Amino acid sequence: MRIGVGYDVHRLTAGRPLLIGGVSVPFSKGLEGHSDADVLLHAVCDALLGAAGEGDIGIHFPDTDPRYKNENSMRLLAATVRIIRAKGLRIANLDATVFAEAPKLHPYRKEMQRNIARIIGVEPACINVKATTTEGLGHIGKGEGIAAMCVVLLTADTSA
Ligand SMILES: [Zn+2]
């Protein structure tokens, strides 16, 4: 078994859609970034790549590469899963937390879990997404950005 951790943060800015876990969340601001800036999916990708000993998202999908401009992060996750599978690994379970002062993300958790489960190809019960605030503390608490953290466990794929 192999364990991996991923962390990501993006700045909130006006005039961008807010995409978290592949869900379009209604809000006055969105996350800034080269891709669609889906902070949760980026943390998931980094956890998966870390667990597989494959570096990080910046190595595989550099933000200097025009191919990834406004890229749908669901596609980055799908590409990451192909890297994991090619190494004979499968995802046992995944747990993630999104840190946001606003908007309230609780109503979207299940949809985020379903999105991630579908792309990864596991039962939704293997995926857990949580959301929390930072009690008004720090940059996240002041609403300047949103962060996400993810832990994933990989096992050898015996079905292959
Ligand atoms: Zn990111």
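In this numbering scheme, every chain counts its residues from 1 along its sequence in written order. Only residues with pLDDT of 70 or above have their local features reported here, since the model is predicted, and side-chain atom pairs are shown and tallied only from 80 upward, although totals for entire chains, interfaces and linings are computed over all residues. To obtain the side-chain values, all non-hydrogen atoms of the structure were included, while hydrogens and water were left out.

Chemist: Whenever I open this one, the packing of helix α1 (residues 39-51) against helix α3 (residues 73-86) confuses me. Can you help?
Modeler: Between two packed helices, what matters for the description is the angle formed by their axes and the separation of those axes. To obtain an axis, a line is fitted to C-alpha atoms, over the contacting stretch when the element is a helix, and the angle between two such axes runs from 0 to 180 degrees between their N-to-C directions. Secondary structure is summarised from DSSP: a helix means a run of H or I of at least four residues, a strand means a run of E of at least two, and numbering begins at the N terminus for each. α3 packs onto α1 with a crossing angle of 10 degrees between their chain directions and a minimal axis gap of 9 Å. With respect to α3, the element α1 is oriented roughly parallel. In contact with L41, H42, V44, C45, L48 and L49 of α1, α3 contributes S73, M74, L76, L77, T80, V81, I83 and I84. Charged residues are taken to be Asp, Glu, Lys and Arg, nonpolar residues to be Ala, Val, Leu, Ile, Met, Phe, Trp, Tyr, Cys and Pro, and polar residues to be all remaining types, Gly included. Taken together, the residues of the contact of α1 with α3 sort by class into eleven nonpolar, three polar and no charged. With respect to orientation, any angle under 35 degrees is reported as roughly parallel, any angle over 145 as roughly antiparallel, any angle of 65 to 115 as roughly perpendicular, and every other angle as oblique. The contact criterion used is simple: two residues touch if any of their non-hydrogen atoms lie within 4.5 Å.

Chemist: Hey, could you run me through the sheet that holds strand β4 (residues 29-31) in this one?
Modeler: The strand order across the open sheet formed by five strands is β4-β1-β7-β5-β6, and the pairing between neighbours is mixed. The strands lining the two open edges of the sheet, one partner per strand, are β4 and β6 (127-132). The mean angle between the axes of side-by-side strands here comes to 20 degrees, regardless of whether they run parallel or antiparallel. Contacts from helix α4 (residues 109-120) reach β5 (89-99) and β6 within the one sheet, and its direction differs from that of β6 by about 145 degrees. When DSSP finds two or more bridges between two strands, those strands count as paired.

Chemist: Please clarify how the layout of surface pockets should be interpreted in this entry.
Modeler: In this approach the atoms are scanned with a rolling probe the size of a water molecule, which exposes any empty space left behind. Within this model, the largest pocket holds a volume of roughly 260 Å³. Using only the protein atoms, space was sampled on a 1 Å grid; points where a 1.4 Å probe fits but cannot get out form cavities, open sets with protein on both sides within 12 Å along at least five of seven lines form pockets, and lining residues are those with an atom within 4 Å of a point. Lining the largest pocket are 15 residues, with S35, H42, I57, F61 and D63 positioned closest to its centre. Looking at the lining of the largest pocket, the elements that each hand over two or more residues are β1 (2-14), α1 and α2 (57-60). It is β1 that contributes the most residues to the lining of the largest pocket, three residues altogether. Grid points are joined across faces, edges and corners, and a volume is the space filled by probe spheres set on the points.

Chemist: Sorry if this is basic, but what is going on with the packing of α1 against α4 here?
Modeler: Between α1 and α4, whose axes approach to 12 Å, the crossing angle comes to 40 degrees. One way to sum up the angle between α1 and α4 is to call them oblique. In the packing of α1 onto α4, the handedness of the crossing is right-handed. Only M112, I116 and I120 of α4 make contact with α1, whose side of the interface consists of L40, L41, V44 and L48. Left-handed is the label given to a crossing in which the near helix is rotated counterclockwise from the far helix by less than a right angle, and right-handed is the label when the rotation is clockwise.

Chemist: Would you explain the pairing of β1 in this entry?
Modeler: The side chains of a regular strand alternate between the sheet's two faces. As paired elements, β1 and strand β7 (residues 145-156) share ten bridges and run antiparallel to each other. Considered in β7, the bridge of D8 is made with A148. Bridge analysis of β1 against β4 gives three bridges, and the strand direction is antiparallel. Bridging from a neighbouring strand, T13 pairs with G30 of β4.

Chemist: How do you make sense of the pairing of β7 when you look at a structure like this?
Modeler: Note that β5 and β7 share ten bridges and pair antiparallel. Bridge pairing in β7 places T97 opposite M149.

Chemist: Would you take a moment to explain the environment of D36 for this structure?
Modeler: Of note, D36 is situated in the loop between β4 and α1. Accessible area is worked out with a 1.4 Å probe on protein chains only. A residue is then buried under 20% of its type maximum, exposed over 50%, and partly exposed in between. Looking at D36, the relative accessible area reads 12%, which means it is buried. Placed 18 residues apart in sequence, D36 and L18 show a C-alpha to C-alpha distance of 8.7 Å. As used in this structure description, the phrase polar contact means that two N or O atoms lie within 3.5 Å; if the pair is within protein, one of them must be able to donate a hydrogen and the other to accept it, and residues adjacent in sequence are counted only when both atoms belong to side chains. Polar contacts involving the side chain of D36 include one to the main-chain amide nitrogen of D38, which spans 3.1 Å.

Chemist: Whenever I open this one, a nonpolar patch on the surface confuses me. Can you help?
Modeler: Excluding any residue in a salt bridge, patches collect residues exceeding 30% relative accessible area, merging like charges within 9 Å and nonpolar Val, Leu, Ile, Met, Phe, Trp and Tyr side chains within 5 Å. All accessibility values rest on the Shrake-Rupley procedure with a 1.4 Å probe; residue burial counts only the protein chains present in the view. For salt bridges, the criterion is a side-chain nitrogen of Lys or Arg within 4 Å of an Asp or Glu carboxyl oxygen. On the surface, I3, V5, Y7, V9, M149 and V151 cluster together into a nonpolar patch covering about 550 Å² of accessible area. At four residues, the largest contribution of residues to the nonpolar patch is made by β1. On the secondary structure map, Y7 appears in strand β1.

Distances and angles like these do not, on their own, reveal function.
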